[in-house]
Amino acid sequence: MIPFVLFSMRRAWQGFWRNALMSLAATLTMVLMLMLLAGFFVLQNVLLASLAFVEQKVEVVAYLENTATQGQVDTLVATVTTMPEVSSVEFISREAALERFRATQEAQGRQDLTQYLESNPLYASLNVKLTDPSVLETVSEALDEDPIVRNVLNITALVNRVLTVTDFVRTAGVAMVGIVGLIVLFIIVNTIRLAVVARAEEIEIMRLVGASDAFIRWPFVFEGALVGLLGALITLGLLYAGSEPLSQAMVGFFNVLPLELGSVASDTALLVFGTGVGLGVLGSWLSVRTYLIR
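What counts and how
Residues numbered from 1 in each chain as written. Predicted model: local features only at pLDDT ≥ 70, side-chain atom pairs only at ≥ 80, totals over all residues. Heavy atoms only, no water. Helix = DSSP H or I, 4+ residues; strand = E, 2+ residues; numbered from the N terminus. Buried < 20%, exposed > 50% of the residue type's maximum accessible area, 1.4 Å probe, protein only. Contact = heavy atoms within 4.5 Å. Patch = residues over 30% accessible without salt bridge, like charges linked within 9 Å, V, L, I, M, F, W, Y side chains within 5 Å. Areas by Shrake-Rupley, 256 points an atom, 1.4 Å probe, with all protein chains shown as cover. Salt bridge = Lys/Arg side-chain N within 4 Å of Asp/Glu carboxyl O. 1 Å grid on protein atoms, 1.4 Å probe; cavity = no way out; pocket = protein on both sides within 12 Å on 5 of 7 lines; lining within 4 Å. Points joined across faces, edges and corners; volume = space filled by probe spheres on them. Nonpolar A, V, L, I, M, F, W, Y, C, P; charged D, E, K, R; others polar. Expected span 1.5 Å × (residues − 1). Arc of directions from axis to C-beta. Core = buried A, V, L, I, M, F, W, Y, C linked by side-chain atoms within 4.5 Å. Pairing = 2+ DSSP bridges. Axes fitted to C-alpha atoms, helices over the stretch in contact; angles between N-to-C directions.

Q: Explain the overall build of the chain residue by residue, including any values.
A: The helix and strand tally for the chain stands at nine helices and four strands. Counted from the first residue to the last, the chain has its helices and strands arranged as α-α-β-α-β-α-β-α-β-α-α-α-α. By the burial criterion, 35% of the 294 residues in the chain qualify as buried. Contacts spanning at least 24 positions in sequence make up 86% of the contacts within the chain whose residues lie at least 6 apart.

Here's what the structure looks like:
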């Protein structure tokens with residue numbers, strides 16, 4: 001078995017260089033398609049991070065009665081914090097709410113009319129961030145039942161619209177990557193098939209001298225793996241060379257998003273390497289198999 005594998009690998013290496021022009025064309029096609037696939041994969045991760053960032057902004061705002069004591073507020077905060085649907089709770093006192101309102105008015109260039117008021121008209125509140133926007137009603141109902149809660153801001157309709165849009169965009173992104181993947185598969189497999197068909201005479205001679213199907217097939221399979229490996233390595237080299245300026249551009253443009261570029265980079269590398277070698281082997285196997293059946 002080992003001698004046969006070594007022989008097939010040696011034949012694959014010889015075939016790769018003996019048909020250097022077709023090998024170069026197949027490798028360049030592989031690089032271009034893998035770059036396209038990697039680009040869409042990175043964009044999908046940016047899209048998912050954007051959607052997650054938007055969903056994390058959804059929060060429940062509960063206004064408290066002015067008669068609520070600090071002890072009651074602390075008890076409510078502790079109770080809400082322990083809820084599995086809640087990620088964080090922020091208490092905003094009446095004074096802090098007034099200061100925020102004044103800062104907002106000043107930032108917008110509007111006159112501060114609150115200075116003419118005899119008392120603070122704003123209520124203390126709890127701003128509750130959720131683990132998932134879909135649990136908005138559950139948390140709102142739990143807060144509304146507490147006696148010190150004056151009312152809970154109703155944003156259910158808005159959240160439902162946001163979830164509808166984000167679910168649609170998320171599904172569309174996955175579908176787009178799938179479509180691009182199928183296009184990449186089709187182009188790479190057909191490019192390798194053209195490379196095999198161009199060597200039809202070589203295959204026919206091997207058949208005429210009594211070579212078995214395995215003897216003919218496996219050198220081409222290893223050659224396809226070589227093309228895929230070389231294409232993946234070149235693609236990874238290009239991605240690595242452009243990773244630094246790309247990362248800076250992404251962080252600069254999406255500076256509000258919690259992008260995990262390290263995780264995206266490792267997943268992209270695995271995708272490129274696995275796709276390149278896998279499609280190289282698959283393309284060669286299908287091409288030679290079809291030709292041998294004929």
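Q: Please give an account of a nonpolar patch on the surface that cites residues and values.
A: Where nonpolar side chains cluster on the molecular surface, the patch consists of Leu182, Leu185, Trp218, Leu282, Trp285 and Leu286 and spans about 490 Å² of accessible area. Of all the secondary-structure elements, those providing two or more residues to the nonpolar patch are helix 6 (156-197) and helix 9 (261-293). A per-element tally of the nonpolar patch places helix 9 first, with three residues. Within the fold, tryptophan 285 resides in helix 9.

Q: So what's going on with the pattern of salt bridges? Residues and values would help.
A: Where charged atoms of side chains with opposite charge meet at close range, the side chains can pair. One pass over the structure, following the stated rule, counts three salt bridges. Of the charged contacts in the structure, one is a salt bridge between glutamate 59 and lysine 129, with a shortest N-O distance of 3.4 Å. Of this pair, glutamate 59 sits in strand 1 (residues 59-64) while lysine 129 is found in strand 3 (residues 125-130), placing the two residues 70 residues apart along the sequence. The class of glutamate 59 is partly exposed, set by a relative accessible area of 21%. The salt bridge partner of arginine 100 is glutamate 90, with a shortest N-O separation of 2.7 Å. Of the two residues, arginine 100 sits in helix 4 (residues 94-107) while glutamate 90 sits in strand 2 (residues 86-92), which places them ten residues apart along the sequence. Take glutamate 90: its relative accessible area is 35%, and that puts it in the partly exposed class.

Q: Describe the layout of surface pockets, naming the residues involved and giving the relevant values.
A: If you add up the space inside the second largest pocket, you get close to 190 Å³. Counted by class, the lining of the second largest pocket contains seven nonpolar, two polar and one charged residues.

Q: I'd like a description of helix 4, backed by residues and values.
A: For helix 4, with 14 residues, the first-to-last C-alpha span of 20 Å sits near the 20 Å given by 1.5 Å per residue. Turning to helix 4, its buried residues are Ala97, Leu98 and Gln105. For helix 4, the angular spread of the buried residues around the axis is 100°, confining them to a single face. In this structure, helix 4 carries Glu95, Glu106 and Ala107 as exposed residues pointing more than 90 degrees from its buried face. Contacts from the buried residues of helix 4 go to strand 2. At the exit of helix 4 stands glycine 109, carrying a positive phi of roughly 75°.

Q: Can you tell me about the side chain of serine 125, naming the residues and giving the values?
A: Looking at the element boundaries, serine 125 is found in strand 3. Here serine 125 falls in the buried class, since its relative accessible area comes to 6%. Contact partners of serine 125, with chain neighbours within four places excluded, come to Val61, Ala62, Tyr63, Leu64, Glu90, Phe91 and Ile92.

Q: Give a description of the nonpolar core that names residues and reports values.
A: In terms of nonpolar packing, the biggest core is built from 22 residues, with Val60, Leu64, Leu76, Val128, Leu130, Val139 and Leu143 touching the most fellow members. Elements supplying a minimum of two residues to this core: strand 1, helix 3 (70-81), strand 3, helix 5 (136-144), strand 4 (149-152) and helix 6. Once you skip the residues sitting within four places of it in the chain, leucine 143 turns out to touch Val60, Ala62, Leu76, Val80, Val128, Val149 and Val152. In this structure, Ala26, Met30, Leu37 and Ala38 belong to the second largest nonpolar core, which totals 14 residues.

Q: Can you tell me about the sheet that holds strand 4, naming the residues and giving the values?
A: The strands making up a sheet are joined through hydrogen bonds of the backbone, oriented either antiparallel or parallel. Strand order in this open sheet of four strands is 2-3-1-4, and the pairing throughout is antiparallel. The outermost strands of the open sheet, each flanked by one partner alone, are strand 2 and strand 4. Each strand axis lies, on average, 25° off the axis of its neighbour in the sheet, ignoring direction. Across six bridges, strand 2 lies against strand 3 in antiparallel orientation. Paired with phenylalanine 91 across the bridge in strand 3 is leucine 126. Relative to strand 2, helix 3 is tilted by about 165°, and along the sheet it contacts strand 1, strand 2, strand 3 and strand 4.

Q: Describe helix 5, naming the residues involved and giving the relevant values.
A: For helix 5, the complete set of buried residues consists of Leu136, Val139, Ser140 and Leu143. Buried positions in helix 5, seen along its axis, are confined to an arc of 100° and lie on one side of it.

Q: Residue-level account of the pairing of strand 3, with values.
A: Buried residues dominate strand 3, accounting for five of its six residues. Two strands pair when backbone bridges link them, and strand 1 and strand 3 are joined in this way by five bridges, in the antiparallel orientation. Within strand 3, the residue paired with alanine 62 across the bridge is leucine 126.

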